[in-house]
Amino acid sequence: MCGIIARAGIGDALEELVVGLQNLEYRGYDSAGVAVRRADGPITVCKREGETDALEAALSGRALPGGTGIGHTRWSTHGAPSDANAHPHTDDSGRVAVVHNGIIRNHESLRRELREAGHRFRSETDTEVVPHLVAAALDDGADPESAFRAAVARLEGSYALAMIVDEDDAVYATRRGSPLVLGLGTDANYLASDVPAFLEFTDRVVYLEDDDVVVLEGNTYRITDVDGTPVDRPIETVEWDASDARKGVYNHFMRKEIDEQPVSLRQTLEGRIDGDRSELTAFPPGSLSDVDDVVFVACGTSYHAAMYGSTLLRRRGVPATALRANEFAHDPMPVSERTLVIAVTQSGETADTLASLRVANDLSARTLAVTNVVGSSAARGADEALFIRAGPEIGVAATKTFSSQVAALALLADRIAADGGGADAYGDETAGVGDHGGAYDPDSVRSDLESLPTAVETVVNDAGAARLATQFADAESYFFIGRGVGYPVALEGALKFKEITYEHAEGFAAGELKHGPLALVTPATVVIAVFTGRNDELTLHNVREAQSRGAPVVGVGPASATTLRETVDEYLPFPRTDPNLAGIPANVHLQLLAYHAAEIRDRAIDKPRNLAKSVTVE
Ligand code: G6P
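Residues numbered from 1 in each chain as written. Predicted model: local features only at pLDDT ≥ 70, side-chain atom pairs only at ≥ 80, totals over all residues. Heavy atoms only, no water.

Chemist: Sorry, what's going on with unusual backbone geometry here?
Modeler: Note on backbone geometry: most residues besides glycine have negative phi, and most peptide bonds are trans. His-87 connects to Pro-88 through a cis peptide bond whose omega is 0°. With respect to the helices and strands, Pro-88 occurs in the loop between β4 (68-74) and β5 (89-90). Its identity as a non-glycine residue notwithstanding, Asp-211 has a phi of 75°, on the positive side. Here Asp-211 shows up in the loop between β11 (204-207) and β12 (213-217). Positive phi, normally seen in glycine, also occurs at Tyr-502, with a value near 65°. Examined against the element boundaries, Tyr-502 turns out to sit in the loop between α15 (486-501) and β23 (504-509). (Helix = DSSP H or I, 4+ residues; strand = E, 2+ residues; numbered from the N terminus.)

So, in structure tokens, the structure goes:
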């Protein structure tokens with residue numbers, strides 16, 4: 001949510017700033033803007049409502065020489081999308097330009113105070129107070145760095161800020177509660193909300209801590225704390241490849257990332273399974289033996305992965321529950337020092353999830369971040385981190401990271417259960433009508449995890465979802481149902497469908513359909529039923545209930561489950577895999593269904609309306 005980029009160094013900044021904004025667009029696309037300090041002194045600002053294309057059109061043919069600049073892509077919180085509300089924001093005289101990600105909570109009182117002192121505001125944003133505060137300090141004789149520090153000292157809330165000032169060669173930046181990472185190039189240095197912004201220019205990064213103040217000048221940089229004392233932050237090399245963050249031959253990042261899943265899953269699993277046990281470097285055998293119970297906190301797609309993980313743990317006899325991070329943060333459940341609180345977050349920067357982590361830390365629980373981003377706030381804010389190694393994900397709708405989260409959580413569940421001796425909670429008697437039994441056999445899960453990338457590859461290459469997206473394009477509603485690990489997959493299927501098609505889609509526990517939602521089922525409702533090979537006959541009852549009301553049913557299930565195939569109206573098969581893992585290939589079918597349904601409707605698949613990938617405000 002909101003992306004910021006800054007650049008200082010040799011050569012012109014503009015082109016790299018625009019590339020950075022294009023790479024950050026998944027964080028917001030309500031408006032985009034840049035401010036460049038011309039080599040001969042003044043700052044030029046160009047900003048436009050809409051996607052970066054509109055900014056590029058406005059910039060075309062304009063020469064903006066100068067090596068120092070800042071840029072911003074916006075997801076609106078204060079003030080509607082408009083040219084005036086677009087960043088960068090400046091003071092009255094245009095001497096100071098600022099970009100911001102986050103929310104300044106005390107902006108109203110600061111605005112009142114500044115207005116009384118004669119400052120004129122041109123936007124409705126919380127951000128605009130910052131350049132005015134800086135300008136006021138400059139007027140009082142402060143140098144740019146002191147003026148920046150003085151302004152920041154007045155702010156309450158969360159922010160990543162970058163500023164340039166007239167007739168000064170530097171970029172000044174800081175963060176508190178919003179992400180900001182420093183990229184070290186050869187001729188220039190960069191600051192951005194996320195690594196993909198500058199990955200084409202450098203893979204050497206410094207992860208900044210809250211309240212660090214960074215000054216980029218020429219091609220040098222300086223990091224100090226809030227008092228101005230130099231701080232030493234390690235330089236790290238990012239393992240992501242710049243090409244991973246580009247669309248290549250694809251029309252959409254989402255499709256590229258769906259297709260990447262066989263590879264990303266292999267990366268997640270590589271070296272982490274050794275015959276009869278899961279090998280997680282961060283968690284050697286015995287390291288989780290003091291865990292009595294597990295609480296997951298997460299949002300969006302990550303929450304569905306967390307639900308999936310909690311189901312696996314319960315099946316291994318470990319008490320586990322998944323809560324929405326935005327609820328846990330303000331109404332936490334009781335936890336103890338022997339509770340492991342696991343924050344599942346792709347970006348590692350979701351504000352709600354970070355707030356939950358802080359609460360869990362305060363309550364003295366043991367905390368763990370399961371995340372895709374090394375150096376993210378979650379990875380650093382939790383006691384421990386487990387990386388899902390899915391590679392950069394750019395499409396706003398999460399796809400490959402869900403698969404990798406679930407696979408990583410399956411490994412983790414195996415390790416927790418092995419350490420804690422959790423007894424299998426269920427027996428064979430729950431076997432379904434699919435071709436699998438119902439027991440949790442850890443050896444089967446581990447061995448099928450190894451073949452999962454191949455199973456997913458088969459689904460990625462299946463044209464069934466594309467055909468059904470067309471066949472059911474005129475439906476009024478799309479209901480997704482499933483039980484066990486099929487339930488979070490049903491929720492995820494519905495989330496994906498609604499966020500990129502804008503159609504009415506809901507996910508339900510299959511057994512819950514008859515307790516209310518069935519009232520909405522008509523022949524114009526498509527019911528998509530997820531089967532995993534466990535308790536499938538129960539789900540089949542629910543399918544028949546929907547069919548009796550005239551609803552067409554699409555089954556997603558094991559290839560060899562003939563009873564299922566014969567009962568449902570359409571079937572999306574996936575290769576045999578352990579029922580505890582079957583939700584992963586099933587979900588890939590649902591990703592493709594949503595993708596093709598959105599494509600038919602000509603939706604902005606990678607940038608769905610009103611949404612952003614990384615939501616850094618609560
Ligand atoms: C936003 C995104 C979702 C994502 C959720 C959690 O709402 O639009 O796609 O699942 O944030 O993000 P996280 O980075 O914590 O997994």
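Chemist: Just to check I follow, could you spell out the packing of aromatic side chains for this structure?
Modeler: Geometry of an aromatic ring pair is reported as the spacing of the ring centres plus the angle between the planes. If you walk through the whole model with that rule in mind, you get six aromatic pairs. Seen from their ring centres, Tyr-478 and Phe-497 are 4.4 Å apart, and the 40° between their planes marks the pair as tilted. One end of the pair, Tyr-478, is in strand β22 (residues 477-482); the other, Phe-497, is in helix α15, with 19 residues separating them in the sequence. The residues Tyr-478 and Phe-497 share a single accessibility class, namely buried. Each member of the aromatic cluster is reached from another via a ring pair, and the members are Tyr-190, Phe-198 and Phe-201. Between Arg-609 and the ring centre of Tyr-502, over which it is positioned, the NZ or CZ distance is 3.9 Å. (Phe/Tyr/Trp six-rings, centres within 6.5 Å; stacked < 30°, edge-to-face > 60°. Buried < 20%, exposed > 50% of the residue type's maximum accessible area, 1.4 Å probe, protein only. Lys NZ or Arg CZ within 6 Å of the ring centre and 35° of its normal.)

Chemist: Help me understand the site of the ligand, please; the structure alone is not making it clear to me.
Modeler: The local shell around the ligand consists of Cys-299, Gly-300, Thr-301, Ser-302, Thr-345, Gln-346, Ser-347, Thr-350, Val-396, Ala-612, Lys-613 and Val-615. One of the side-chain N or O atoms of Ser-347 is found 2.6 Å from an oxygen atom in the ligand. Interatomic distance of 3.3 Å between a backbone N/O atom of Val-396 and an oxygen atom of the ligand. Protein chains bury 89% of the 380 Å² of accessible surface belonging to the ligand in isolation. Considering every element that reaches the shell around the ligand, the biggest residue donor is helix α8 (residues 300-315), with three residues. Its residues assigned to classes, the shell around the ligand shows four nonpolar, seven polar and one charged. Counting the residues that make up the shell around the ligand, at least three belong to each of domain 2 (247-425) and domain 3 (454-618). (Near = heavy atom within 4 Å. Polar contact = N/O pair within 3.5 Å; in protein donor to acceptor, adjacent residues only side chain to side chain. Areas by Shrake-Rupley, 256 points an atom, 1.4 Å probe, with all protein chains shown as cover. Nonpolar A, V, L, I, M, F, W, Y, C, P; charged D, E, K, R; others polar. Domains from an automatic or database assignment.)

Chemist: Sorry, what's going on with helix α7 (residues 261-269) here?
Modeler: For the α-helix, the turn length of 3.6 residues means that residues three or four positions removed from each other point alike. All of the buried residues in α7 are Gln-261, Pro-262, Ser-264, Leu-265, Thr-268 and Leu-269. Viewed along the axis of α7, the buried residues span an arc of 165°, placing them on a single side of the element. Lining the buried residues of α7 we find α6 (253-259), β15 (273-274), α12 (400-420), α13 (442-460) and α18 (583-600). (Arc of directions from axis to C-beta. Contact = heavy atoms within 4.5 Å.)

Chemist: Mind showing me how you'd approach the domain arrangement of the protein chain here?
Modeler: How big an interface is tends to be expressed through the accessible area that disappears when the partners come together. On domain assignment, one finds that the protein chain holds domain 1 (3-245), domain 2 (247-425) and domain 3 (454-618). For domain 1 and domain 2, the distance between their C-alpha centroids amounts to 32 Å. Contact residues are listed per partner, giving 13 residues for domain 1 and 14 residues for domain 2. Both faces considered, domain 1 and domain 2 share a buried interface measuring about 1200 Å² in area, 57% of it formed by carbon and sulfur atoms. When the area that domain 1 buries against domain 2 is broken down by residue, the three leading residues are Tyr-26, Tyr-207 and Trp-240, summing to 41%. Viewed at the interface, domain 2 and domain 1 are joined by one salt bridge. (Buried area = accessible area lost by both parts, 1.4 Å probe. Salt bridge = Lys/Arg side-chain N within 4 Å of Asp/Glu carboxyl O.)

Chemist: Is there a simple way to think about the environment of Pro-88 in this case?
Modeler: On the basis of relative accessibility, which here comes to 0%, the residue Pro-88 falls in the buried class. Expressed as a C-alpha distance, the spacing of Pro-88 and Thr-174, which sit 86 residues apart in the sequence, is 16 Å. Those residues within four positions of Pro-88 in sequence are excluded, and the remaining contacts are Gly-33, Val-34, Ala-35, Val-45, Lys-47, Ile-70, Ala-97, Val-98 and Val-99.

Chemist: Even after reading the chapter, I still don't get the nonpolar core, so can you show me in this structure?
Modeler: A general trend in soluble globular proteins is that nonpolar side chains are found buried together. If you look at the biggest cluster of nonpolar residues, it comprises 84 residues, and the most contacted ones within it are Val-294, Phe-296, Leu-412, Leu-449 and Phe-480. Two domains each provide a minimum of three residues to this core, namely domain 2 (247-425) and domain 3 (454-618). Setting aside anything within four residues of it in sequence, one finds Phe-480 in contact with Ala-490, Gly-493, Ala-494, Phe-497, Ala-505, Glu-506, Gly-507, Phe-508, Ile-528, Leu-590 and Leu-593. Counting 35 residues, the second largest nonpolar core, distinct from the first, contains Ala-13, Leu-14, Leu-24 and Val-36. (Core = buried A, V, L, I, M, F, W, Y, C linked by side-chain atoms within 4.5 Å.)

Chemist: So what exactly am I meant to see when it comes to the confidence of the model for the protein chain here?
Modeler: Do not read the predicted coordinates in detail wherever pLDDT is low. On average, residues of the protein chain score 93 in pLDDT, and 97% of them are at 70 or above. A low-confidence stretch, residues 422-437 (pLDDT under 50), is modelled with 46 contacts involving residues beyond four sequence positions or located in other chains. (pLDDT = per-residue confidence, 0-100.)

Chemist: What exactly am I supposed to notice about the sheet that holds strand β1 (residues 3-9) here?
Modeler: Either a parallel or an antiparallel arrangement is found when strands of a sheet pair, and the pairing is made through backbone hydrogen bonds. Reading across the sheet, the eight strands line up as β3-β2-β4-β1-β10-β9-β11-β14 and stay open at both edges, with antiparallel pairing between neighbours. Each having just a single partner strand, β3 (43-49) and β14 (236-237) make up the two edges of the open sheet. Bridge analysis of β1 against β4 gives five bridges, and the strand direction is antiparallel. Considered in β4, the bridge of Gly-3 is made with Thr-73. Sitting on the sheet, helix α1 (residues 14-24) touches β1, β2 (31-37), β4 and β10 (188-192), and the angle it makes with β1 is about 155°. (Pairing = 2+ DSSP bridges. Axes fitted to C-alpha atoms, helices over the stretch in contact; angles between N-to-C directions.)

Chemist: I keep staring at the packing of α13 against α18 and nothing clicks. Help me out?
Modeler: For any two helices packed against each other, one specifies the crossing angle of their axes together with the interaxial distance. As a packed pair, α13 and α18 sit with axes 9 Å apart at the nearest point and diverge in direction by 25°. Between α13 and α18, the crossing angle belongs to the class labelled roughly parallel. Here α13 runs over α18; the crossing is right-handed. For the pair formed by α13 and α18, the contact residues are Leu-452, Val-456, Val-459 and Val-460 on the first element and Ile-584, Pro-585, Val-588, His-589 and Leu-592 on the second. (Parallel < 35°, antiparallel > 145°, perpendicular 65-115°, else oblique. Left-handed = near helix turned anticlockwise from the far one by under 90°.)

Chemist: Which parts of the structure should I look at to understand the sheet that holds strand β17 (residues 293-298)?
Modeler: Here five strands make up an open sheet; going across it, the order is β18-β17-β19-β20-β21 and the pairing parallel. Whereas interior strands pair on both sides, the edge strands pair on one side only; in this sheet they are β18 (320-324) and β21 (384-387). For this sheet, the mean angle separating the axes of adjacent strands, direction not counted, is 20°. The pairing of β17 with strand β19 (residues 339-345) spans six bridges and is parallel. Paired with Ala-298 across the strands is Val-344, a residue of β19. In the packing of α8 onto the sheet, contacts are made with β17, β18 and β19, and the angle to β18 comes to roughly 165°. Strand contacts of α12: β17, β19, β20 (366-371) and β21, with the helix running at about 165° to β19, the strand carrying the most contacts.

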